Amino acid sequence: MARPQPPPWGHAAFLLCLLGIGRAIEIPMDPSIQNELPQPPTITKQSVKDHIVDPRDNILIECEAKGNPAPSFHWTRNSRFFNVAKDPRVSMRRRSGTLVIDFRSGGRPEEYEGEYQCFARNKFGTALSNRIRLQVSKSPLWPKENLDPVVVQEGAPLTLQCNPPPGLPSPVIFWMSSSMEPITQDKRVSQGHNGDLYFSNVLVQDMQTDYSCNARFHFTHTIQQKNPFTLKVLTNHPYNDSSLRNHPDMYSARGVAERTPSFMYPQGTSSSQMVLRGTDLLLECIASGVPTPDIAWYKKGGDLPSDKAKFENFNKALRITSVSEEDSGEYFCLASNKMGSIRHTISVRVKAAPYWLEEPKNLILAPGEDGRLVCRANGNPKPTVQWMVNGEPLQSAPPNPNREVAGDTIIFRDTQISSRAVYQCNTSNEHGYLLANAFVSVLDVPPRMLSPRNQLIRVILYNRTRLDCPFFGSPIPTLRWFKNGQGSNLDGGNYHVYENGSLEIKMIRKEDQGIYTCVATNILGKAENQVRLEVKDPTRIFRMPEDQTAKRGTTVQLECRVKHDPSLKLTVSWLKDDEPLYIGNRMKKEDDSLTIFGVAERDHGSYTCIASTELDQDLAKAYLTVLADQTTPTNRLAALPKGRPDRPRDLELTDLAERNVRLTWIPGDDNNSPITEYVVQFEEDQFQPGVWHDHSKFPGGVNSGVLQLSPYVNYQFRVIAVNEVGSSHPSLPSERYRTSGAPPESNPGDVKGEGTRKNNMEITWTPMNATSAFGPNLRYIVRWRRRETRETWNNVTVWGSRYVVGQTPVYVPYEIRVQAENDFGKGPEPDTVIGYSGEDLPSAPRRFRVRQPNLQTITLEWDHPEHPNGILTGYSLRYAAFNGTKVGKQMVENFSPNDTKFTVQRADHVSRYRFTLSARTQVGAGEAVTEESPAPPNEATPTAAPPSLPPTTVGATGAVGSTDATATAATTEATTVPIVSTVAPTSIATTTVATTTTTTAAATMESPPTTRTKTHESAPDEQSIWNVTVLPNSKWANITWKHSFGPGTDFVVEYIDSNHTKKTVPVKAQAQPVQLTDLYPGMTYTLRVYSRDNEGISSTIITFMTSTAYTNNQADIATQGWFIGLMCAIALLVLILLIVCFIKRSRGGKYPVREKKDVPLGPEDPKEEDGSFDYSDEDNKPLQGGSQTSLDGTIKQQESDDSLVDYGEGGEGQFNEDGSFIGQYTVKKDKEETEGNESSEATSPVNAIYSLA
């Protein structure tokens, strides 16, 4: 029954499962462990797969194995059990599986040829050897044959075949003469790989000897010789003239015809060759021709592998060692001489016997643990994998629920003691096989220590040391270290624990001295061991020998005073010129000095003092110069030239401490100018490797100094000597010295918070250098919060020197703190720095006021913007004069941030000015506000507006005598006044005029109200719309704008009223101004202009409001003289009328008005019954007020020629003695009573007077 295939996703799950399998236990090499633990057998030695033996010797087939208990052995031959006991010639070595076949008592070795395999077995499993193929070496004799002489024409090619007898292994072939002299070979005559001898062309001198092929057999060490060949050469020159051999054209001189090359081996133009991976590839090309051809080798599509390719046999053979798949391809050899060339192509295919990608390893597990065996190999063709257990196929083995086979992997889960076995993996293809054994052993061993107990470790202060604690256990124990039997586990900081249990102390200090305990623990128990650590002071030479110059015959003393740990034995020795110094009777060696009596010339040289203990050593060197007897004149010394000093040398660090060290050096020659100063420099390899910094300066009379150090810096020092001439070259650097770490003692400086965009803030600081880092992994804790809100701090850890805070409001203050931190801790609490987020364009200046105190000047005033959005850098004012359609040159003024006033001198009294003001921040200029100067006084007389332009109106934010950028409250009051008719000068009409009074700042000059112009200016970009201007009235508005589009561009005007009703007006190119005609009085609108082709290119949205429906569009006439006179005349007429009314009232009675009227009263008249009007009852009723619409004829005027005198005398007309005026009035009065007080007109001063009468 076929086994079901797992689903595709099962392989992925299987791979994930492998990741969770723990590592196997490794058995220590300690013999005590090896001998105590149970162990399945393991093959340790075996014969090669192809085992060829010498028939003259006994046969030995090796097989050795180890295991606990010791394994037993048995063999198979040709896959069948080989019974060693039944064959008297065969025996097995004691405690080994090696077979010995003895032929001393007779027998034929060939009878034992075959395939052998060894089995090593104990109670935990069976291990297998390779299948060993046993073959007996053969050295057959050469068959006897008679060879006829070989006759050949001079210049022709020739092949002498060897055809050796087949041997095992193949014999080594070489050619000799019958006199046992080797045949000389060159590029014309050579032996091929098959043993044949090739002549590219035969010369007459080739027949001077005979040619014999010889075969040497390896095992028998015998040489067999073939019958020799006799060679006869037919030539055109029977005389063998040796002088022709050196002729420049030897072949022509001997009459040999020249020929193009042709291949003798291999034949044809192409061939193929197969080679196994890892072996050598040998390609051969042998060509004939006259002259002898040269051979060259090439590979198609690439170069020959230079590291593996070798040319042999005079370039006729190409050998590539240890070939791989990359060496496959087509190679060709090119044979050429002066007659031409030919080539032969060899196609190389690389195959491969199986080779390991991952060989299975022994698996040692604890009970309940998981593990896996992997057998992964490759080859060409792809090899197959077969698993066996204890030498039997896995399929026939008893089932194991804890075992799962997945191709080249066996997984073990929850292993138990019964899972012990030896597994074999056999992977094979047509070119060979690989066999590997791997056992699975399940151990439960409590922890045990493998090193001696209570070891003593002595170490020098400030050095690095490692405490070892080898251990073993199953399951694998966990190891922890403790100091002095207390405290927490030692790991981290100055300590590091390795996987093998060793504890490393990176830099020993005095406080590290003590007893260290390592504890190994698993579920079966624990084991511990102790190591005692003693810290010793370093050995230092604190008084070093100095360079000296001595005269011959004097006494010299070289000091060498040493400081060392008193518990260590000190030894002081001396070297001369780096060789051990012989202390003769002229020298005296003491503990702290070396004295030389009677200095001789042979004492000249270098002297080295070496102070050593069993743990460390220190050395110092000095130079002794021996002078002759004569002295040098002083005046000669004074005349010597001065120069810069030589560099100091032999730098030495002593008295090593955590925060200081002593640096000692040997001064160089001062070159006739005393050294005045030494400059000590340092370099560290973490932040600025290779950069030297000045550290300290010392007087020229000293050669050592104490250097103060910063924590966690890997110092290296050098010294520069200085005299009056200059500075020396730096000395060679000292050895490095790393100080221990500590938390930072400072924080980075120059902390700033500045915006690079309007919605961010970049926090920057100056990073700390190596001497202020104080520890590894220097980083910075950046905190920030809004200053006004006092919100919680935001924080982030940064390794660089900047951090950008995003999504910030525009230009708001932040509190910023930057704190340094390293692996040892945090720095001090940082100071708080105030930073600001990014700036933006400011809003428009507030309350932009344009005033005209006289005809010569215009005064501008403004307030700062409501939203500066940054630091104000000033204001920009652009203005130009205009008169009608003519516009003057634009002027530009820039002001400081504190300026809020400006005065303009007018060029003339007629032109007006248009001013555009904007504020600036560091980002640029913001929104602009535009105002115009008041109109000149000569424009105050009301005139009819041209029919093509709307009448001048006062906007919602207009002012009398000035314009204001902010809206002001306006109150309107209707006043009824009589106005002399311009049509009939003799008649008088009653009407009402609405006057507008606006509350604004006091103006110094009165002028007609000006139109409020709302604009938005910005710098014109490519294809943009700006400077939109709106001139509104009550029901319409004129729109203009500027743009940077080309001719023929269409636009759209879009406006929205306060009811959110949107309307658009298409505008053809160059059709400006545009008039909006469907507006409502007193309503607010928003408006923008955009391109019809690209709605994304639009102007800024602006807001405007239409005027109310009854707005006086003329100049204020309340201050005009003619109007005052008219008002006085009307008042006089009213006074006369009041007098007449009082007279009539005093007389009483009813006035028959009806019969005097031309038009009868309507039926609705309440006085119709008696046809009279009771004036006395109704005289308190006001006259019907006229509305403003009377100015345009909405109320029809009454025509009359009556006189006031007739009316005063009680006549019955309309001022023409018939009382018609009173009748008219009565009818109007009755009508008012019928309609009620529904008049929408405000009470006028005239009505108030009538109400009092």
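Residues numbered from 1 in each chain as written. Predicted model: local features only at pLDDT ≥ 70, side-chain atom pairs only at ≥ 80, totals over all residues. Heavy atoms only, no water.

Chemist: An account of unusual backbone geometry is needed here, citing residue identities and associated values.
Modeler: That bond from Asn 68 to Pro 69 is cis: its omega, 5°, falls within 30 degrees of zero. Mapped onto the secondary structure, Pro 69 falls in the loop between strand 4 (63–68) and strand 5 (72–77). In this structure, the amide linkage connecting Ser 474 to the following residue, Pro 475, adopts the cis form with an omega of 5°. Following the sequence through the fold, Pro 475 ends up in the loop between strand 41 (471–474) and strand 42 (478–483). The backbone of Asn 454 sits at a positive phi, close to 55°, despite the residue not being glycine. Within the secondary structure, Asn 454 sits in the loop between strand 38 (445–449) and strand 39 (455–460). Among the residues examined, Asn 454 registers a relative accessible area of 53% and is labelled exposed. Of note in the backbone geometry, Asn 869 takes a positive phi value of approximately 60° without being a glycine. (Helix = DSSP H or I, 4+ residues; strand = E, 2+ residues; numbered from the N terminus. Buried < 20%, exposed > 50% of the residue type's maximum accessible area, 1.4 Å probe, protein only.)

Chemist: Can you lay out the sheet that holds strand 55 (residues 605–612) for me, pointing to particular residues and giving the numbers?
Modeler: Paired through backbone hydrogen bonds, the strands of a sheet run either parallel or antiparallel to each other. What the five strands build is an open sheet, ordered 48-56-55-51-52; its pairing is mixed. Pairing within the sheet leaves two strands with one partner each, and these edge strands are strand 48 (548–551) and strand 52 (579–580). Pairing of strand 48 with strand 56 (residues 617–627) involves four bridges; the strand directions are parallel. Bridging across to strand 56, Lys 551 finds its partner in Leu 627. (Pairing = 2+ DSSP bridges.)

Chemist: Lay out the pairing of strand 59 (residues 675–683) in plain terms, naming residues and giving numbers.
Modeler: For strand 59, a buried count of seven out of nine residues is recorded, marking the element as mostly surrounded by other parts of the structure. Sheet topology note: the strand 59/strand 62 (residues 714–723) ladder contains eight bridges and is antiparallel. Considered in strand 62, the bridge of Tyr 678 is made with Ala 721. Strand direction decides the pairing type here: strand 59 and strand 60 (residues 693–699), joined by six bridges, are antiparallel. Bridging across to strand 60, Glu 677 finds its partner in Pro 699.

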